[in-house]
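Report on the structure
Read off the chains here:
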Amino acid sequence: MKLDVNALGTFYRMAREGAGLAAGRLTHMTDVETQVGVTKLNFMRGQEIQRDFEDATETVAVRVQLSGAIEGYSMIVFERESALRIVETLRGDSDEIDAGAETDDGEFDEMARSAATEVGHIMNSGFIDGWADVLETVIDVSTPEFVQGETAQPFFADIEAAPDDDDLALLFQSRIETVDTEVGFSHYLFPRRDSMASLLDRLRTSGGIEYDKLDGFDRMAERGAEEVAQAATTMTGIDTSVEIRRLNFVSLEAIPEQVADEKLVGVAFEFDGLPSGYLLFLFDEDSAHEIADAMVPMDVDGDGDGFGEMETSAITELGNIMASGFLDGWANVLDTTIDHSPPEFVHDMGTAAVDPVIIQLGETQEFAFVFDTVVVADGQEFDCEIYAIPDEDDLERALNDLDVDRIEGTPTTAEFQDVTNT
Amino acid sequence: MKTYGTEPGAPTSVQVGISELVVSDGDDTLKSYGLGSCLAIALYDPDSAIGGLAHAMLPDGDAADNSDRKPGKYADTAIRALLRRMVEQGASYTSVEAKIAGGSDMFEFESFGDGIGQRNIAAARAELEKLGVPLVAEDVGGEYGRTVEFTPGSGRLVVKTADESADNGVTEL
């Protein structure tokens, strides 16, 4: 199985189109205003997907089995509260959420179950119709199935197409939100591997990358993140760990959409080698202050809102060390050399720090692989989002040169840790 | 970002994301958040109160093969698309005026050359000149981000920055 950017671009358009139709139908059904949030293609290991589902809250899903042009499962997932809210909206009750949609033991009652199933099904159908439009083909859908649980088990255990712990799966992820309320949905598509392979063959316009080489991607993300967390701990004395580490394929325009709509502190780099690209570390203001305090323990010139010279240089230096670690991690996996520019400090609207990078890449590419990483600290403010965006052609070359057997032997040391920081 | 199910009639606030353009009339506000090197291009016809906002990312759409599909992505094609849609809705070409904001150069990376923000500004100015649309106000360049809010009815373009040295960080064009 091989993939290339053109095929992934078509997948991305499918996800976008599907999310639009699903949102439109939800609005039609409930009269609630909705909007489509970020849409991405994720490459995730089975164990990471499971982690998503085991994030404390109870989850409700409606899934259907697909056949035809795409085989596999499509699943609309809501948090329990969101599901209840939607059910109430459909029933026309404006009362409390818990006004009778549940039985005493917390199960959805029959009415609620069937209403939620109906909503989920309509949305699933929206997605699937969107994909069929893009592919100009027919996809058949089974009857919907209502699933409820607190772990990934009930959602995936009986799905053959769901990835095993160590399998890297291509996931379509979209988020649909209702305007002004706290209701959100996620959508997952788990395609069967053989069905995916034939679809990729059809959509591919170039030689492409062997799917198994994507392991190299994942290993890059892993090593980079691990190096960053280590560098951060060494520099600040704050214990940090990797909370999220994910490889996304998105349209360039979608990258700023996921950056917080507030003033952030960042350190930016361009890097050069195989691959070349851009690397951004973004901190919220509180985290940046706390980090600066940890590195420069004296009460220095921080004037509350702004960042003084000492704080700025401390954060810039931290960024520099983290960047070196991150790119060394990549270079080790890819067996190449990657150099980076001097750091550029920025304290500004988050999206304004990201758009120059996507503009520059936008001259030659429409989509990008983004290595999303979030490093956090236990019990302290240290939230750092890392965006690594390599040049597409370089990355493809680097991956094709990669000897997959060699990375199999590279020890895996990065571990996810549970962080109870709120 | 498109919102589904918005009631027609009432004034609304519409977010214009990167590469998007929106044409509207009256008291609706069109907003683009956190422009760095991107350029906000606002066109309006004071007589008919029809106007539009584009959030352009790159200078030259004529050289790109997807500018038909995404006219709002490029400064030149965005201006032409705004103008065409406004005229279709009843604006008069000859009375249309333009305001632009954004086009910062946030970083001095080698790969950025002379500045990607500057390239966007130059492209917009050139296209407006070519079409004979007067550029009546601008707040461009610098090394900081901007958020803009445009009201087509009045032609008011409010620019907010996070720059601490600026006057409250708010400029009205």
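Residues numbered from 1 in each chain as written. Chains lettered and ligands numbered in written order. Predicted model: local features only at pLDDT ≥ 70, side-chain atom pairs only at ≥ 80, totals over all residues. Heavy atoms only, no water.

Residue and element names in this part refer to chain B. Within the open sheet, the five strands sit side by side as S2-S4-S9-S10-S11. Their pairing is mixed. A strand with exactly one partner marks an edge of an open sheet, and here the two such strands are strand S2 (13-15) and strand S11 (170-172). Ignoring strand direction, the axes of neighbouring strands in this sheet form an average angle of 20°. In the sheet, strand S10 (residues 156-161) pairs with S11 via three bridges, with the strands oriented antiparallel. Among the inter-strand pairings, Val158 is bridged to a residue of S11, identified as Glu172. (Pairing = 2+ DSSP bridges. Helix = DSSP H or I, 4+ residues; strand = E, 2+ residues; numbered from the N terminus. Axes fitted to C-alpha atoms, helices over the stretch in contact; angles between N-to-C directions.)

Another point: a negative patch on the surface. Together, A:Asp164, A:Asp165, A:Asp166 and A:Asp167 make up a negatively charged patch on the protein surface. In this structure, A:Asp166 sits in the loop between helix H5 (153-156) and strand S7 (168-178). (Patch = residues over 30% accessible without salt bridge, like charges linked within 9 Å, V, L, I, M, F, W, Y side chains within 5 Å. Areas by Shrake-Rupley, 256 points an atom, 1.4 Å probe, with all protein chains shown as cover. Salt bridge = Lys/Arg side-chain N within 4 Å of Asp/Glu carboxyl O. Lys, Arg positive; Asp, Glu negative; His and termini not counted. Charge placed at Lys NZ, Arg CZ, Asp CG, Glu CD.)

Moving on: the pairing of strand S4 (residues 72-79) of chain A. Residue and element names in this part refer to chain A. Counting buried residues in S4 gives seven out of eight residues, a clear majority hidden from the surface. Here strand S3 (residues 59-68) runs beside S4; their pairing, made up of eight bridges, is antiparallel. Each residue of the ladder has a partner; that of Thr59, found in S4, is Glu79. Where S3 hands over to S4, the hairpin turn is made up of three residues, counted between the paired strands. Note: S4 against strand S8 (residues 184-191), seven bridges, orientation antiparallel. Paired with Ser74 across the bridge in S8 is Leu189. (Buried < 20%, exposed > 50% of the residue type's maximum accessible area, 1.4 Å probe, protein only.)

What follows deals with the interface of chain B and chain A. With 40 residues of chain B at the contact, the number on the chain A side is 38 residues. In this assembly, chain B packs against chain A so that about 3100 Å² is buried in total across both faces, 58% of it on carbon and sulfur atoms. At the boundary of chain B and chain A, one finds four salt bridges. Summed over the shared surface of chain B and chain A, the number is 15 residue pairs in polar contact (both at pLDDT 80 or more). For the side of chain B that touches chain A, the secondary-structure elements that each account for two or more residues are strand S1 (3-4), strand S4 (29-35), helix H2 (116-131), strand S9 (146-151) and S10 of chain B. (Contact = heavy atoms within 4.5 Å. Buried area = accessible area lost by both parts, 1.4 Å probe. Polar contact = N/O pair within 3.5 Å; in protein donor to acceptor, adjacent residues only side chain to side chain.)

Our next topic: unusual backbone geometry. Residues and elements named next belong to chain A. Cis geometry marks the peptide bond from Leu274 to Pro275; its omega dihedral reads 5°. With respect to the helices and strands, the residue Pro275 is situated in the loop between strand S11 (263-273) and strand S12 (277-284). Despite not being glycine, Glu136 shows a phi value in the positive range, around 50°. One non-glycine residue, Asp335, adopts positive backbone phi at about 60°.

Bringing the sheet that holds strand S7 (residues 97-102) of chain B into the picture now. All names here are of chain B. As summarised here, the arrangement of the five strands in space is S3-S6-S5-S7-S8, forming an open sheet in which the pairing is mixed. Since the sheet does not close on itself, it has two edges, and those belong to strand S3 (21-25) and strand S8 (135-140), each with one partner. With direction set aside, neighbouring strand axes in the sheet form an average angle of 15°. Taken together, the six bridges between strand S5 (residues 39-45) and S7 define a ladder with antiparallel strand orientation. Residue pairing in the sheet places Ala40 in a bridge with Ala101 of S7. Relative to the sheet, helix H1 (residues 75-88) contacts S3, S5 and strand S6 (50-56), its axis offset from that of S5 by approximately 25°.

Residues and elements named next belong to chain A. Residues of chain A with pLDDT of at least 70 account for 88%, and the chain-wide mean is 81. Below pLDDT 50 for its whole length, residues 94-99 participates in nine contacts with residues either more than four positions away or in separate chains. Scored below 50 in pLDDT, residues 408-422 makes 27 contacts in the model with residues more than four places away or belonging to other chains. (pLDDT = per-residue confidence, 0-100.)

What follows concerns the environment of B:Gly169. Residue and element names in this part refer to chain B. Relative to the helices and strands, Gly169 is located in the loop between S10 and S11. Residues Gly169 and Val159, 10 residues apart in the sequence, show an inter-C-alpha distance of 8.0 Å. Apart from residues lying up to four places away in sequence, Gly169 is in contact with Val159, Lys160 and Thr161.

Our next topic: the packing of aromatic side chains. Evaluated as defined, the whole model comprises 15 aromatic pairs over all chains. Each member of the aromatic cluster is reached from another via a ring pair, and the members are A:Tyr12, A:Phe43, A:Phe249, A:Phe367 and A:Phe369. (Phe/Tyr/Trp six-rings, centres within 6.5 Å; stacked < 30°, edge-to-face > 60°.)

Residue and element names in this part refer to chain A. In contact at an axis separation of 8 Å, helix H7 (residues 214-236) and helix H10 (residues 309-334) are set at 150° when each is read in the N-to-C sense. As judged from the angle between their axes, H7 and H10 are roughly antiparallel. For the crossing formed where H7 meets H10, the hand is right-handed. Partitioned by chemical class, the residues of the contact of H7 with H10 number 14 nonpolar, six polar and four charged. (Parallel < 35°, antiparallel > 145°, perpendicular 65-115°, else oblique. Left-handed = near helix turned anticlockwise from the far one by under 90°. Nonpolar A, V, L, I, M, F, W, Y, C, P; charged D, E, K, R; others polar.)

Our next topic: the nonpolar core. Of all hydrophobic cores here, the largest spans 151 residues; its most connected members are A:Phe11, A:Phe43, A:Trp131, A:Leu279, A:Phe281 and A:Phe283. A domain split of this core shows at least three residues from each of domain 1 (2-203) and domain 2 (210-408) of chain A. If sequence neighbours within four positions are ignored, A:Leu279 has contacts with A:Val267, A:Ala268, A:Phe269, A:Phe271, A:Ala323, A:Phe326, A:Leu327, A:Ile386, A:Tyr387 and A:Ala388. One finds B:Ile41, B:Ile50, B:Ala78 and B:Leu128 within the second-largest nonpolar core, a separate group that totals 24 residues. (Core = buried A, V, L, I, M, F, W, Y, C linked by side-chain atoms within 4.5 Å. Domains from an automatic or database assignment.)

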